[in-house]
Structure formats: C-alpha cells, structure tokens
Amino acid sequence: MDEILQMRNIHKAFVGVKVLKGVDLTIGRGEVHALLGENGAGKSTLMNILTGVYSMDEGQVIFDGEDISNCSIRESEDKGIAFVHQELSLFNDLKVYENIFFNKELTTKGGSLKKNEMIAKCREVFEKLGVDIDPSVTVEHLTASEKQTLEIAKAIFFEAKLLILDEPTTALSNAEIDHLFQIIENLKAEGKSFIFISHKMPEIFRIADRYTVLRNGEFIKAGNIAETNAQEVTSTMVGATFSNAEIYRTRELGEPILEMRALDGKDFHDVSLSVRRGEVLALTGLQGAGCSELMQCVFGELPSFSGTIAVEGEELTKNTIHLAMKRKIAYLPTNRRERSAMPDLSILENMYISEHTLSGKKPIINRASEIAKYDAQKENLSIKAEHYSDLILSLSGGNQQKVFFARWLNTDAEILLLDNPTQGIDVGAKAEIYKLILKLAESGKTIVINSQEIPEIQRVADRCVVFYSGRIVKTLPHDQITEHTVMMYATNAAEDSEE
Ligand SMILES: Nc1ncnc2c1ncn2[C@@H]1O[C@H](COP(=O)(O)OP(=O)(O)OP(=O)(O)O)[C@@H](O)[C@H]1O
Ligand SMILES: [Mg+2]
C-alpha cells in the first residue's frame with residue numbers, strides 16, 4: 001500500500017487521564033478511511049494530535065514520507081492536512097471569501113487586500129467542486145450544508161492531500177449527503193485521501209474503503225470495508241455487550257395533549273396534527289420539508305402566520321419560548337454546536353440552565369441538589385465525563401449531546417420535541433437513547449421526534465408523519481413504517497398522498 005500517513009503508538013493524557021493508549025493509524029493514498037469508535041473512544045483527540053491542536057505524550061507521525069510528530073497547526077496545514085471540524089469553525093459574520101482566505105489574505109506589495117482576485121479564485125474552486133455559493137455573501141446566510149462544502153473548498157484551495165471529516169453529515173439532509181459524497185468521490189479520483197469519522201453505518205459502508213476501530217483509547221482493529229459488515233464492525237466497537245434487540249411495544253395511549261390546527265408558518269403549511277399523551281410521534285421528510293421549523297414554531301422560537309396550537313386543550317395565546325416551556329414543552333435543537341452548547345459554561349451549568357430559566361421564583365441554585373441530579377443523569381444516559389465542573393467542550397461530541405438531553409429531562413417537561421436527537425451519538429448509546437425514549441413514553445411523557453434516519457423511526461415511533469414541501473402527505477402507523485414507503489411519500493412519488 002502507498003501510505004500517505006502513519007501514526008504509530010500514539011499516547012495522550014489530559015490531566016492524568018489517559019485517553020489514547022498506543023494507537024496506530026495507517027492511511028493509504030487516495031483512500032477514504034473510516035475512523036470508528038464509541039463516543040469518547042478518542043477519535044477527535046487523535047485527529048487533534050495529527051493537526052497540531054494538541055501535542056502527544058509519546059508516538060510518531062509520518063506524513064507523506066516526512067516526520068511531522070508534534071507539529072504546529074500551521075505546519076500540518078502547510079504539509080497538506082486539512083481538518084474539517086466536527087464543530088464547524090467558520091466565522092459567521094465574515095464573507096465567504098474572507099473565510100477562505102482568513103489569515104492567508106492576498107495582498108498587494110503595499111499591503112492592501114486584493115478583494116477581486118480572492119473572489120475570482122473562490123469562484124474557480126467552487127465551480128470545480130460543483131458548488132453554487134456566492135463568494136461575497138456573509139457566511140451566516142449559508143445553510144449547514146453550504147458551510148460544510150465551504151470548509152472542504154477551503155481545504156482544496158490550499159492543496160490539502162489529506163482531508164479529515166469529523167462527523168461531516170450530522171447537520172445534512174440525505175440529498176446534501178449525496179452531494180458531499182459525490183465531492184469526496186471526485187477528489188478521491190484525483191488522489192486525495194480522507195479520514196472519515198461517522199456514527200452512521202450505512203454511510204460508512206457507502207463511502208469508505210478501509211477502517212480502523214478504536215475502543216477506550218486503544219487500537220482494536222483495521223481492515224477493508226469490503227471484508228466486513230455493519231454487525232461485525234459494531235461488535236468490534238462496543239465489545240461484546242451490544243444488543244440490537246427489538247424494543248418497541250404497543251401501548252395504551254392517553255387523550256390528545258398537543259394539537260395543531262391548520263398551522264401555517266414560513267416553511268410549513270396547513271398542518272393539523274393531534275399527538276396523544278404517551279405517544280412517540282416521528283416527523284420526517286427531505287431537506288426543506290418543514291419538520292424542524294414546525295417544531296421550532298411549537299416551541300415558540302419561530303412565529304406562526306395562522307392556525308392554532310393547543311396544549312391539554314388550552315390554546316397557546318402567544319408564541320414565546322418561555323410560554324412554551326411553562327406549558328411543559330421542551331425542545332432539543334438540531335445542530336448542537338450552534339444551538340445547544342454554551343461554550344463558556346461547565347457541564348453542570350449546561351445541564352441545569354433550562355430548569356432555572358423556568359423556576360424564576362427560586363433563583364437560588366442549590367449546588368448539592370444539582371450535582372445529585374447530574375450524577376443521576378450521568379448514570380441514566382451513561383455520560384462519559386471526568387468532572388462536572390469541566391467545560392462542556394471538553395466532552396466528546398456525543399457526550400455533549402447527552403448532557404443537552406439531560407438538560408430537558410431535568411425540566412419535568414411533559415412534551416419533548418427532539419430534533420435530530422441522536423446526532424453524533426454512537427450506535428451503542430443510540431440504542432440506550434431509544435430505550436430511554438420508550439421508557440419516557442411508557443411513563444406518560446409525549447415525544448415528537450424529527451429524524452431522517454428511518455431505522456431510528458422504526459425502532460421507536462407509534463406513528464410517522466411524512467412531510468413534503470411543508471405539508472403532511474402521509475401518516476403511517478408503526479407497522480407500515482419502512483424505508484421504501486417513507487421515501488416514496490417523502491419524495492412525493494406516491495399516488496395516494498393525503499394532499
Ligand atoms: N480538552 C480536553 N480536556 C480534557 N479531556 C478531554 C479533552 N478533549 C477530549 N477529552 C476526553 O478525551 C476522551 C476522548 O474524547 P474524543 O473527543 O477524542 O472522543 P471521540 O471518539 O471523538 O467521541 P465522539 O464520537 O463522541 O465525538 C473523552 O473522554 C473526552 O472527555
Ligand atoms: Mg469526536
């Protein structure tokens with residue numbers, strides 16, 4: 001094999017806690033290499049060492065024939081390694097071309113910026129990648145998918161040889177994933193190499209050539225994707241404990257608790273839905289189908305233009321988040337980094353923040369009782385964390401998501417709106433989250449989940465409501481939820497839509 005990268009015997013500890021214990025990673029030129037492992041296994045840390053973000057305690061890194069052990073961020077970039085972060089690292093208030101040329105601006109001898117030249121160069125690369133983005137637009141106006149593509153464009157621009165994609169698809173729709181994979185295939189054909197980190201098995205088997213599995217900071221196995229299967233890889237990742245057993249059970253549902261009548265908003269139209277107490281209702285659809293916007297509207301984050309929302313038979317008079325929370329509605333947002341994480345706060349503070357927004361009457365925070373609640377949730381959700389006073393961002397991505405889940409469980413909400421809830425969560429922990437969702441439903445909580453992962457919907461939902469272009473086209477009972485049926489309605493290919 002023609003190797004572009006060899007990482008040998010990498011060791012790393014954070015304040016005495018060993019998170020990498022002699023890891024090996026070998027990447028071939030022109031291959032897509034899946035780096036696999038549970039939440040907290042050490043994937044992002046290993047990549048941070050490769051790209052100079054962290055230094056290692058022991059080990060060796062050979063890239064393109066050169067020893068680059070413990071190089072700086074700048075050195076690793078200059079050698080041709082590009083890190084497309086799990087948590088995107090663009091500047092929202094700068095323009096597209098300013099982001100691409102950040103810290104590498106083209107200037108005249110006199111030091112003034114060559115704006116037009118930078119814009120023209122951007123256009124060139126975008127065209128090559130088949131990307132339709134205006135270089136002079138401000139980044140905050142881009143969709144998650146466009147931001148993603150922009151990060152890749154940035155890497156190509158500076159002639160990266162190895163691109164690291166850390167969970168690149170968590171905020172993308174299925175169509176956008178197809179586009180991303182097309183870009184990866186094209187670049188691979190040009191000899192670029194990729195390290196691809198993902199918790200979604202179908203994706204890994206679609207795009208990767210080889211794989212490496214880490215568990216608890218140790219190298220477990222490497223091999224060809226063609227010589228294994230999802231079941232085998234999963235067992236390698238989680239050890240012997242994993243169980244994919246059927247967990248769904250039909251239950252007695254209660255009276256309607258959440259009702260929408262002819263609800264209209266910017267991205268959804270004429271939505272009438274009644275959700276019963278104890279029900280798990282799934283919303284699904286392609287990008288732009290309006291499911292996430294509908295949830296945000298119920299939570300008071302987006303306005304409705306007409307129609308009504310009622311909780312326990314009582315209409316919500318105003319659309320505000322505070323009112324929604326008071327009526328015991330919780331919302332776990334899609335896109336963790338931008339909409340859930342409070343980076344300057346600790347794990348504990350990130351967990352109790354919603355609860356205290358609600359209890360304005362009791363502004364004093366009882367630390368001991370919060371810590372006790374945290375310990376209970378840590379156990380309940382198997383959160384992997386050192387100390388509750390550490391910053392939230394010191395947790396691995398999947399473990400952060402669990403803390404945000406706990407944030408809402410702590411509010412005693414009756415209606416949980418979960419938008420893409422298992423983003424960044426590994427297969428083993430996903431199974432735990434599904435169990436938890438069903439346990440909550442059994443105890444009388446009502447759960448609305450927005451997901452594009454049909455296997456996930458099949459495992460937990462009593463009903464699945466399929467959206468197309470902002471409207472409900474079909475409601476499927478549990479036993480009719482199949483990949484094929486859902487896709488047929490989601491793409492509006494079915495004849496008997498409700499529309
Ligand atoms: N800056 C840091 N300070 C302290 N501990 C850290 C830091 N960064 C990572 N860790 C710890 O190192 C371990 C590995 O984390 P890492 O982010 O590499 O996991 P991961 O495999 O990327 O997981 P995920 O799939 O959830 O993203 C975790 O236990 C995490 O809490
Ligand atoms: Mg990670």
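What counts as what
- Residues numbered from 1 in each chain as written.
- Chains lettered and ligands numbered in written order.
- Predicted model: local features only at pLDDT ≥ 70, side-chain atom pairs only at ≥ 80, totals over all residues.
- Near = placed C-beta within 6 Å.
- Helix = DSSP H or I, 4+ residues; strand = E, 2+ residues; numbered from the N terminus.
- Nonpolar A, V, L, I, M, F, W, Y, C, P; charged D, E, K, R; others polar.
- Domains from an automatic or database assignment.
- Contact = placed C-beta atoms within 7 Å.
- Core = buried A, V, L, I, M, F, W, Y, C linked by C-beta atoms within 7 Å.
- Buried ≥ 20, exposed ≤ 12 C-beta atoms within 10 Å, placed from the backbone.

This paragraph deals with the site of ligand 1. Near ligand 1 lie 19 residues; those nearest to it are N39, S44, T45, S396 and G398. Broken down by secondary-structure element, the contributors of at least two residues to the shell around ligand 1 are α1 (43-50) and α14 (397-409). Partitioned by chemical class, the residues of the shell around ligand 1 number 4 nonpolar, 12 polar and 3 charged. Each of two domains, domain 1 (3-239) and domain 2 (256-490), supplies a minimum of three residues to the shell around ligand 1.

Moving on: the domain arrangement of the protein chain. The domains assigned to the protein chain are domain 1 (3-239) and domain 2 (256-490). Computed from C-alpha atoms alone, the centre-to-centre distance between domain 1 and domain 2 is 29 Å. Taken together, the 21 residues of domain 1 in the interface contact 19 residues of domain 2. Secondary-structure elements contributing two or more residues to the side of domain 1 that touches domain 2 are α6 (174-189) and α8 (230-238). For the side of domain 1 that touches domain 2, the per-class residue count stands at 8 nonpolar, 9 polar and 4 charged.

What follows deals with the nonpolar core. What tends to happen in soluble globular proteins is that the nonpolar side chains get buried as a cluster. Core analysis: the biggest nonpolar cluster contains 71 residues, and V298, I329, A330, L417, V466 and F467 have the highest contact counts within it. Setting aside chain neighbours within four positions, we find A330 in contact with W408, T411, A413, I415, L416 and L417. Grouped together as the second largest cluster of nonpolar side chains are 63 residues, L5, L20, I184 and A431 included.

Position of M56 relative to the elements: it lies in the loop between α1 and β4 (58-63). For M56 and H11, which are 45 residues apart along the polypeptide, the C-alpha to C-alpha distance reads 6.1 Å.

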